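# Descriptive analysis of the structure
In case you want the letters, here they are:
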Amino acid sequence: MADGAMTFAAIRRGARDALPLVIGTFPFGIVVGVISDAKGLSMAETLLMCALVFAGSSQLLALELWADPAPILAAAIAAFAVNIRLAPMGAALAPWLNRLRGWRLWGTLATLVDHSYALSAADMQRGGRDAGYLLGVGAGLWVFWMVAVALGHGLGSVVRVPPGHPLYFAAAATFCAILAAFWKGVARDLAPWVVSGGIALLLWWAGLSQPWPLIAGALAGAALGAARSEVRG
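Residues numbered from 1 in each chain as written. Predicted model: local features only at pLDDT ≥ 70, side-chain atom pairs only at ≥ 80, totals over all residues. Heavy atoms only, no water.

## Quick word on the environment of Val143
Its location among the elements puts Val143 in helix α9 (residues 132–155). Through-space distance from the C-alpha of Val143 to that of Ala51 is 9.2 Å; in sequence the pair is 92 residues apart. (Helix = DSSP H or I, 4+ residues; strand = E, 2+ residues; numbered from the N terminus.)

Okay, here's the thing in structure tokens:
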């Protein structure tokens, strides 16, 4: 696999760089496993969902909506709304993804998450040209995610995490940490970031249900950032 688009060396490097992120995502995976058990999902059902979806935020949202009978359409729409953010991530990584075909492309897209995008975009900005790095980060996180969810489901009968427990903050803390690689300074990034976070918080305080505060905040921040870039260009 040394055609220049994806190499084993880059895959190993991505998997290695993903290891520090496991500290934040592993507790998150345990929470998903615990909640899945509480909702009545079997170990096989839980692992199948995690293997195919591999998106903790949308999985938690779907589990919160889970009932008997299962609101499959509502859960699917909610998951789609939360995961639609992955579309612009894929577009931003097009210089890498456009050079892939077959299982390399689909395997890379299947394991694309916020963390792998953040590290890969930063690597691309440093001049990286090997898409194997993206697959390595994503696949590495996927393996540990599956282990964490299985562990959480297995402990679900004895562990009951109450709402508001600090364990739920692990993933958010990880997301905040990886944003540092994208900070370009106060003049360029402060206004879009403040607007994005501010609108999301305002809509949440106003009682708007998830995921709409998140989507509205993201769109507002992106629009302001695009407008400012257009003016500077």
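Still to come is the rest of the account.
## Overview of empty space enclosed by the protein
Tallying each qualifying case throughout the model produces 1 cavity of 30 Å³ or more. Of the voids in this model, the largest cavity is the one considered here, and its volume is about 150 Å³. Lining of the largest cavity is provided by 13 residues; of these, Thr25, Gly56, Val113, His115 and Trp145 occupy positions nearest its centre. In terms of residue class, the lining of the largest cavity is built from 7 nonpolar, 4 polar and 2 charged. (1 Å grid on protein atoms, 1.4 Å probe; cavity = no way out; pocket = protein on both sides within 12 Å on 5 of 7 lines; lining within 4 Å. Points joined across faces, edges and corners; volume = space filled by probe spheres on them. Nonpolar A, V, L, I, M, F, W, Y, C, P; charged D, E, K, R; others polar.)

## A closer look at the packing of aromatic side chains
Counted under the stated rule, the structure contains 1 aromatic pair. Consider the rings of Phe28 and Trp145, whose centres lie 5.6 Å apart with planes at 75 degrees: the pair is edge-to-face. Residue Phe28 is found in helix α1 (residues 8–38), and its partner Trp145 is found in helix α9; the two are separated by 117 residues along the sequence. Across this residue pair, the class does not change: Phe28 and Trp145 are buried. (Phe/Tyr/Trp six-rings, centres within 6.5 Å; stacked < 30°, edge-to-face > 60°. Buried < 20%, exposed > 50% of the residue type's maximum accessible area, 1.4 Å probe, protein only.)

The analysis is restricted to geometry; functional conclusions fall outside its scope.
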